[in-house]
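This is what each chain is made of:
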Amino acid sequence: MSLSTNLKNEFFGGWTKFEAFWLTLFLVIQIAIFIYQPDSWIATIAAITGILCVVFVGKGKISNYLFGLISVSLYAYTSYTFELYGEMMLNLLVYVPVQFIGFYMWRKHMTSQNTVNDAGVEEVIAKSLTLTQWIIVGIAAAAVTYAYIEWLRHLGSALPALDGVTVGVSIVAQILMILRYREQWSLWIIVNALTISLWTGMYLQNGETSLPLLVMYIMYLCNSIYGYYNWTKLVKKHQTM
């Protein structure tokens, strides 16, 4: 197929009517928030590209890394302005390079055979963790989280404990995403709930927060639940290959 056909399939192919409605609704809400509170176009672009990223991850589409690169770069800047140094460093020092690593890792494990989507559009080959691997993941998440909280306290982060837990679990979830494990979504559900608390806490503590990013993470939470559901279907389909 030609490059234009491949790009068309990647961005527009393989969506169900529900998924298309889901994505459109999320984008419309973010645009409405910007119209209501047009004080942060950087945060709004970060939110819009972030939504595109996570929805595309949920579908197993590799183009999620393009939207992710834009989103995490702008989100890092916004986090810095709110003195959320853990979020800033996570996005700038981890998520930005991870977009390139993830693209490379996924590129070698894509398939257009036996796909969940009816159109046969290319999707990532998903895996699931064993019980032993889950235990390792739990220990790693706890260790990373403890170390990061102590570091953030040293830096004077606004909310070191909550910020640190969010970052620690996020790093482990990101690794699972790169390695194509379904269980990333279990951790993303935790991360997104914590991040909602983080930005809400900023409002309760300082009387200000980023509404586009707060709403973005509420959408992320909803998408994480759907992502786990869709990746469960991916795992079952790809185990028969």
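Residues numbered from 1 in each chain as written. Predicted model: local features only at pLDDT ≥ 70, side-chain atom pairs only at ≥ 80, totals over all residues. Heavy atoms only, no water.

As annotated in an unreviewed UniProt entry, the protein chain carries the name Nicotinamide riboside transporter PnuC and is attributed to Pasteurella bettyae CCUG 2042. In its Function (unreviewed entry) section, the UniProt entry covering the protein chain states "Required for nicotinamide riboside transport across the inner membrane." What UniProt states about the protein chain under its Subcellular location (unreviewed entry) heading is, verbatim, "Cell membrane". (UniProt positions renumbered as here; feature names shortened; annotations may be inferred.)

Chemist: Just to check I follow, could you spell out the nonpolar core for this structure?
Modeler: Across soluble globular proteins, you tend to see nonpolar side chains buried next to one another. By size, the foremost hydrophobic cluster in this structure holds 66 residues, and its most contacted members are I51, V55, W106, W199, L213, M216 and W231. Elements represented by at least two residues in this core include exactly α2 (17-36), α3 (41-58), α4 (64-81), α5 (85-107), α6 (131-155), α7 (160-178), α8 (184-206) and α9 (211-238). Take this core: its biggest share by element is 11 residues, from α9. (Core = buried A, V, L, I, M, F, W, Y, C linked by side-chain atoms within 4.5 Å. Buried < 20%, exposed > 50% of the residue type's maximum accessible area, 1.4 Å probe, protein only. Helix = DSSP H or I, 4+ residues; strand = E, 2+ residues; numbered from the N terminus.)

Chemist: Looking at this structure, how should I read the environment of A140?
Modeler: Relative to the helices and strands, A140 is located in helix α6. The class for A140 is partly exposed, based on a relative accessible area of 31%.

Chemist: Looking at this model, I keep getting lost on empty space enclosed by the protein. Mind explaining?
Modeler: Enumeration according to the criterion identifies 3 cavities of 30 Å³ or more in this entry. By volume, the largest cavity amounts to about 360 Å³. Lining the largest cavity are 27 residues; nearest its centre among them are V54, Y95, Q174, W188 and Y220. Elements that contribute at least two residues to the lining of the largest cavity include exactly α3, α4, α5, α7, α8 and α9. Counting residues per element, the lining of the largest cavity draws most heavily on α8, at 6 residues. Looking at side-chain class alone, the lining of the largest cavity contains 14 nonpolar, 12 polar and 1 charged residues. Forming the boundary of the second largest cavity are G13, G14, K59, K61, V116, N117, V121, E122, E123 and N230. (1 Å grid on protein atoms, 1.4 Å probe; cavity = no way out; pocket = protein on both sides within 12 Å on 5 of 7 lines; lining within 4 Å. Points joined across faces, edges and corners; volume = space filled by probe spheres on them. Nonpolar A, V, L, I, M, F, W, Y, C, P; charged D, E, K, R; others polar.)

Chemist: Can you help me understand the pattern of salt bridges in this one?
Modeler: Oppositely charged side chains may form a pair once their charged atoms are brought near each other. Under the counting rule described, the total for this entry stands at 4 salt bridges. A salt bridge links K59 to E19; its shortest N-O distance comes to 3.0 Å. With a gap of 40 residues between them, K59 in the loop between α3 and α4 and E19 in helix α2 connect regions that are remote in the sequence. With a shortest N-O distance of 3.0 Å, E150 and R153 are connected by a salt bridge. Pair noted here: E150 and R153 are both in helix α6, with a separation of 3 residues, about one helical turn. (Salt bridge = Lys/Arg side-chain N within 4 Å of Asp/Glu carboxyl O.)

Chemist: Would you mind going over a nonpolar patch on the surface with me for this structure?
Modeler: A cluster of nonpolar side chains, namely W41, I45, L66 and I70, defines an oily patch on the protein surface of about 380 Å² accessible area. Of all elements in the fold, only α3 and α4 reach the threshold of two or more residues within the nonpolar patch. (Patch = residues over 30% accessible without salt bridge, like charges linked within 9 Å, V, L, I, M, F, W, Y side chains within 5 Å. Areas by Shrake-Rupley, 256 points an atom, 1.4 Å probe, with all protein chains shown as cover.)

Chemist: Sorry, what's going on with the environment of T24 here?
Modeler: You can see T24 is positioned in helix α2. Looking at T24, the relative accessible area reads 44%, which means it is partly exposed. Once the C-alpha coordinates of T24 and L52 are considered, the two residues, 28 residues apart in sequence, prove to be 9.8 Å apart.

Chemist: I'm lost on the UniProt feature "transmembrane region" (unreviewed entry) in the protein chain in this one. Help?
Modeler: Feature annotation in UniProt places "transmembrane region" (unreviewed entry) on residues 20-36, 42-58, 65-82, 88-107, 128-149, 161-179, 186-204 and 210-231, given in this structure's numbering. Between the first and last C-alpha atoms of residues 65-82 the distance is 25 Å; the span itself is 94% helix and 0% strand. Taken end to end, residues 128-149 has its terminal C-alpha atoms 29 Å apart, with 86% of it in helix and 0% in strand.

Chemist: Looking at this structure, I do not really get the layout of surface pockets. What am I missing?
Modeler: Sizing a probe to match a water molecule and rolling it over the atoms shows the empty space that remains. Size it by volume and the largest pocket reaches roughly 440 Å³. Sorting the residues of the lining of the largest pocket by element identifies α1 (3-12), α4 and α5 as the ones contributing at least two each. Per-element tally for the lining of the largest pocket: the top contributor is α1, with 5 residues. Classifying every residue of the lining of the largest pocket by side-chain character gives 11 nonpolar, 6 polar and 3 charged. Here the second largest pocket defines a volume of roughly 170 Å³. Counting only elements with at least two residues in the lining of the second largest pocket, the list comes to α6 and α7. Tallying contributions element by element places α6 first for the lining of the second largest pocket, with 5 residues. Residues of the lining of the second largest pocket, tallied by class, amount to 11 nonpolar, 1 polar and no charged.

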